[in-house]
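Observations on the three-dimensional arrangement
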Protein chains: 2
Amino acid sequence: MHSFKGHSMGNLFDYLKDPGIISLAGGLPSPDMFPRQAFRLASRKRLKSDIDRIMQYRPIRGEPELMEAIQEFLRRDGISVTEENMIVTSSGQHGLDLASRLFLDPGDAVLVDRPTFSGALIAFQLQNPRIAGSEIQEDGSDVDGFRDQIKKLKDIGVRSKFIYVVPDFQNPSGITMSIKKRRALLDLSYETHTPIVEDSPYRDFRYAGEPLPSLYSMDQQERGGHVIGVYTFSKLFCPGIRVGFNIGPPDVIRKMVEIKEGDIFNTPKYNQDMCAAFLTEMDLERHIEQCRRYYSRKLTAFTEAMKRCFPPESGIRWTEPDGGLFLWVTAPEQVDTMQWLHRAVKRKVAFVPGSVFYGNNPPNNHFRVNFSYASREELTEAVDRLALSFREQTCR
Amino acid sequence: MHSFKGHSMGNLFDYLKDPGIISLAGGLPSPDMFPRQAFRLASRKRLKSDIDRIMQYRPIRGEPELMEAIQEFLRRDGISVTEENMIVTSSGQHGLDLASRLFLDPGDAVLVDRPTFSGALIAFQLQNPRIAGSEIQEDGSDVDGFRDQIKKLKDIGVRSKFIYVVPDFQNPSGITMSIKKRRALLDLSYETHTPIVEDSPYRDFRYAGEPLPSLYSMDQQERGGHVIGVYTFSKLFCPGIRVGFNIGPPDVIRKMVEIKEGDIFNTPKYNQDMCAAFLTEMDLERHIEQCRRYYSRKLTAFTEAMKRCFPPESGIRWTEPDGGLFLWVTAPEQVDTMQWLHRAVKRKVAFVPGSVFYGNNPPNNHFRVNFSYASREELTEAVDRLALSFREQTCR
C-alpha cells in the first residue's frame, strides 16, 4: 500500500465548497432528475412494513426483491441472468474494486483505454498492477493495440487479467464503441482468454443515434462467460444511495460474494429497497425519457456555447457524445490544462484536468467536462469563463 | 485471490431460514432493542429537510454532522479526537478491511488472539498475510506470547504489522482484557513499534464489573499514535444501517480515506444521518441502559440453563462474560463440535463451531454462543436441545 498515493479527484470536491464556482468537475447527476417525492413515499412504506429486516443483518449477495427487479431491468436490454449471476454492490466503485481484487495480483496487467475512468484506475491501483493502455479512437477502444499489448506482455511473462471498457459514452471521453469494435473486442477476448469488464453507468442516457448491444448481451448470445458487467444506480437513480450490481459467470460472482463478506459484509437493505422501488414503482421508462430530454438539452447548450467561444482557430476541440454525462476537450499540445485549471478557478469555473484519466505518461492538454450538474444558464456562463481564463478575453 | 476460500460463517445464515431452528449462531442484536419509532421519525425529518444532499455524492471521509456526534460519543469514554483522526466506514467489517489493506502486504504477519473474530480473519486473509496467533488467557491476550511471536518472526525477516484485539467481551470468547494486560500490550506496542488495532463493537454493553479504559484512551494519555480504533453502530444501534468509524493518527486515517476513495467512495449520507440522529436525538444513555438490562437477563437465562443441563461431570465448560453478545463453550478434547453442530441442527438448534475463529490449526472442541438474538424462553429451550444433541437425553 505504501506506493499508493490516491488521486486528486476526491480533493476536487473541495472546489465545490465555493458557491460562486460553476463546477464542470464532478460526475454529479442533477438533483432536478431526483424522484424526491417517490423516494419519500417508498421510504415511508418500507419503514412501516419492514423495519425489523431493514435494521438487521441481511444476506451478503443482495436482497431477493432487488435482484428480481434487476433481472427484469436487464431483460429490457437483452440480458438474461439469474441470482447466481448477480451480486449487489455498494455502487460501481465497489463493483470495480471487487473485480480488481478478484483478478489482479501484484504484477498482473490490466488493459484500459487512454483516457479511462479515473475511479477505475484508483480501484485497480490498490492492487498494484501494471496498467497497460491504448489510445482510444473515435469509434472506441484500439482493439489491435490491446492485442499487441497482450502479446508483448505475455512475451515478458506478464498475464493480462482483464480488459476494462466503458463502451457507451465513455467517461471521460464521451466516445461510444462501434458495433464493429464491440465484435472485435469480444473476438480478442475469446482468442486470448482475457475477460472483459464492461462498465455501464450511463447506458440508458442515449440522446442521439441507435442503441448498440452491450458486450454482455453479445457474449451471452455467443460463447458466454467472457464479460463481467458493472452497473450502478448512481446516474440513473441517485448517487447518494450507494447501490449497484455486478453480473457475470456464477463462479466469478461467487468469488465476489466471498470478497464482499470480508470487505463490507452486506449492502444495507434500506438502500437496496429504495432501488427496488425505483425499478418497480417509479415509472422507470418515463424517468429515463425525462433524463434523456433534460441532459440532452444541457449537452446542446454546452456545445453551442463552445462553438461560439472556441472557433476552429482557437485550436480547442471537443468530442460530441451521443449520450452520457461527459465530454472531452483537447487543447493544443503546448497547453497544460492543470495550469489552465488554476486560472479557471480564479474565474470561478472548474473542470478535471485530463491527466488523472491515464494510468501513466499522461498528456497534459486535455480536460473533462461534466455537463449534467450545472444549469443550462450556468453551462453557457461556464464556457464564457473558460474562454476568459484561456485567453483573457470574453466571447460575448 | 485464488488462495482465498471464504469462511462458512456467511453460509450459516442459511440455517436461519428454517423458522423452527433456534439460532445461537449469528452475531445479531435483538430487534427488541431497535429504536424503530425514533428511526422512522428521524428518517421522515431528514428526507423532508435534506433529500437533495441525501441523494447526491458526499465527502469520502464522512458527514460532518456524524463526525461531530462521534466526537461527543467518544468524549464520554475519555477519548478526544478531531475530524482528522476519523473516517466513517460502512461498518466494522469495512473498518477492518481498511486496516488490513493499509498495513498488510503479502507475507507480512498480523498478530491475533486464538480464538479471534472470524470476520477480522476474513478481512485479513484477503491480503494473504501470515496469521500469528497466541492462545487467549482468562485475563485477555497472551502478551508475552505476542512478544515471542514478533521476535521469532523478525528473526526470519517477517514484519509484524499490527496486533488485532477485541479487549472488551471478546468475540468469540467473551473474555475481557485486564488492566494489567492492557498496560502490558501497550508497552509491547511501544517497545516493538507494532500498532494495535482495537476493535470495540460491544464496549458499552457491560453487565457486570467496572469499565476499564480503552487502549486508545490509555495510549492517548501516554505516547499516542499507537492504537487504531475500529467501531461500529451495528450492535449499539442496528446492523442494517451499515455504518461504523475508525479513529487513529491523521496520517493513517488519511491513507484510509485514499483507500476508501477506491473501494466504495462515500458511505451513504442517509445511513450516516440515522446514526447521527441515534447519537443525538434518541436518548443514548437510556438506550444503552435498556440494552444492558435486556442482554444481561438473556445471558443469565442462558448460563442458568447451562448449569442445569451441563453439570461439571459433563465435561462441558463455558466462559461467563461481563458483557457483549457471546460466550465460548469448551467440550472435552475428543468432541468435534462440527459433528455436534450437525446433530444439533437436527434437534433445531445452531451455533458456530469454534474452528472458524482460528487462522490456522484450529482445535475442534469449542463453539461460540450468541445469546442476544433468541428470547429467554428460546435460550432455555436451546440449551435443552444442545443437551439432547450432546448425549441424546433431555435435562428437563
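In this text the structure is predicted, and so the values were computed from the model without any measurement. Residue indices follow the written sequence of each chain, beginning from 1 at its first position. By the order in which they are written, chains take letters starting at A while ligands take numbers starting at 1. Where totals are concerned, whole chains, interfaces and linings use all residues; where local detail is concerned, this predicted model gives features only for residues with pLDDT of at least 70, and gives and counts side-chain atom pairs only at 80 or more. Water and hydrogen atoms play no part in the side-chain values, which are based on all heavy atoms of the structure.

With that settled, consider the overall build of chain A. In DSSP terms, a helix is any run of H or I states spanning at least four residues, a strand is any run of E spanning at least two, and both are numbered starting from the N terminus. Helix and strand content of chain A: 14 helices and 13 strands. Relative to a compact globule of 396 residues, whose C-alpha radius of gyration would be 21 Å, chain A shows 21 Å and is just as compact. In terms of its C-alpha atoms, chain A occupies a principal-axis envelope of roughly 60 × 60 × 45 Å. For every residue, the accessible area obtained with a 1.4 Å probe (protein chains only) is divided by the maximum for its type, and the residue is called buried under 20%, exposed over 50%, and partly exposed between those limits. By residue count, 64% of the 396 residues in chain A fall in the buried class. Throughout, a contact is declared for two residues whenever any of their heavy atoms are within 4.5 Å. Residue pairs at least 24 apart in sequence account for 75% of intrachain contacts in chain A once pairs closer than 6 positions are excluded. Reported accessibility uses the Shrake-Rupley method at a 1.4 Å probe radius. Residues are deemed covered only where the shown protein chains occlude them. Accessible area of chain A: about 14,800 Å², with a carbon and sulfur share of 49%. In this treatment the radius of gyration is a C-alpha quantity, and the globule benchmark scales as 2.2 Å times the residue count to the 0.38 power.

On to unusual backbone geometry, then. All names here are of chain B. Of note, the bond from Arg-114 into Pro-115 is cis; its omega dihedral lies within 30 degrees of zero at 0 degrees. Pro-172 follows Asn-171 through a cis peptide bond whose omega is 15 degrees. Following the sequence through the fold, Pro-172 ends up in the loop between strand 5 (160-165) and helix 8 (179-192). Of note, Asn-361 is a non-glycine position whose phi angle comes to about 40 degrees, a positive value. Relative to the helices and strands, Asn-361 is located in the loop between strand 12 (352-353) and strand 13 (366-370).

Residue and element names in this part refer to chain A. Within strand 5 (residues 160-165), six of the six residues are buried, which leaves it mostly tucked inside the rest of the structure. Strand pairing requires that DSSP identify at least two bridges connecting the strands. Here strand 3 (residues 109-114) runs beside strand 5; their pairing, made up of four bridges, is parallel. When the bridges of strand 5 are listed, Val-110 appears paired with Phe-162. Inspection of the sheet shows strand 5 paired to strand 6 (residues 196-199) by three bridges, in the parallel sense. Each residue of the ladder has a partner; that of Val-165, found in strand 6, is Glu-198. The parallel pair strand 5 and strand 6 is bridged by helix 8 (residues 179-192), and the resulting crossover is right-handed. Whether a crossover is right-handed depends on one test, that the path from the first strand over the helix to the second runs clockwise when the strands point away from the viewer.

Residues and elements named next belong to chain A. The rule for a salt bridge is simple: a side-chain nitrogen of Lys or Arg has to be within 4 Å of a carboxyl oxygen of Asp or Glu. Scanning all chains against the criterion turns up 55 salt bridges over all chains. Note that Arg-182 is salt-bridged to Asp-168, the shortest N-O span being 2.9 Å. Taken together, the residues Arg-182 in helix 8 and Asp-168 in the loop between strand 5 and helix 8 connect sequence positions 14 residues apart. Both residues of the pair, Arg-182 and Asp-168, count as buried. Salt bridges sharing common partners tie together Asp-50, Arg-53, Arg-58, Glu-63, Lys-269 and Asp-273.

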